[in-house]
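Next come the chains, spelled out residue by residue.
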Amino acid sequence: MKTDTYISHMIVTVSRKAHFNAAHRLYNNEWSGDRNEDVFGKCANPNFHGHNYELIVSVTGEINLQTGFVMDMKRLKELIKEKIEDEFDHKNLNIQVPEFKELNPTSENISVVIWKRLRPYIPEKLKLKITLYETPRNFVVYNGG
Ligand code: NI
């Protein structure tokens, strides 16, 4: 193909947006109720509260010369649905998602859990980055470091 030299070794990032609603509570078992309230504020409420999480999954790598893709977006869409949305959407993260039985479901920790869940299914030569919005203005980024 004529385009081979033109696009060879071009590193491109492709991203897929997704969404889930979930409830959580932030607290540290080893602390008193007062200290939890000092640190986590309303997020320590024992009755939980919800967020509309916006997720952006980004995959970076070379454009495949045969397909012109970095990664098949249909496959990425299915992976996010199966490994994240089906498991997190309309769930209580503390109670229903096994990783958060012992781990505080902060945005930071949720982004790491999402990265770890997806990483085994993304081709090894591609880099994976998770961007997670807990509110329209607060977001975290994890890229596996
Ligand atoms: Ni919260």
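Please refer to the structure higher up on the page.
Before going into details, it helps to say that this report is about the structure given with it. On a predicted model such as this, the values are computed, not experimentally measured, just so you know. Counting of residues starts from 1 at the beginning of each chain's written sequence and follows it residue by residue. Whole-chain, interface and lining totals are the exception, using all residues; otherwise, since this is a predicted model, local features are given only for residues with pLDDT of at least 70 and side-chain atom pairs are given and counted only at 80 or more. As a rule here, side-chain values cover all heavy atoms of the structure and leave hydrogens and water aside.

## Describing the overall build of the protein chain
Then, number 1: Per the convention used, a helix needs a DSSP run of H or I reaching at least four residues, while a strand needs a run of E reaching at least two, with both numbered from the N terminus. The secondary structure content of the protein chain amounts to five helices and five strands.
Then, number 2: The N-to-C order of helical and strand elements in the protein chain reads α-β-α-β-α-β-α-α-β-β.
Then, number 3: In terms of principal-axis extent, the alpha carbons of the protein chain reach across some 65 × 25 × 25 Å.
Then, number 4: Accessible area is worked out with a 1.4 Å probe on protein chains only. A residue is then buried under 20% of its type maximum, exposed over 50%, and partly exposed in between. Each of the 145 residues in the protein chain was classed as buried or not, and the buried ones make up 39%.
Then, number 5: In this analysis, two residues are considered to be in contact whenever any of their non-hydrogen atoms come within 4.5 Å of each other. By sequence separation, contacts in the protein chain at least 24 residues apart represent 67% of the contacts at least 6 residues apart.
Then, number 6: When the accessible surface of the protein chain is summed, it comes to about 9,200 Å², and 51% of that surface belongs to carbon and sulfur atoms. Using a 1.4 Å probe, the Shrake-Rupley method yields the accessible areas, and only the shown protein chains count as cover for residues.

## Points about unusual backbone geometry
Most peptide bonds take the trans form, and the phi angle of most residues other than glycine is negative.
Then, number 1: Not every positive phi belongs to a glycine, and F48 is a case in point at roughly 70 degrees.
Then, number 2: Position of F48 relative to the elements: it lies in the loop between α2 (33-40) and β2 (49-62).
Then, number 3: Among the residues examined, F48 registers a relative accessible area of 26% and is labelled partly exposed.
Then, number 4: Even without being glycine, H90 reaches a positive phi, approximately 60 degrees.
Then, number 5: Secondary-structure assignment places H90 in the loop between α3 (73-88) and β3 (91-92).
Then, number 6: Owing to a relative accessible area of 63%, H90 belongs among the exposed residues under this scheme.

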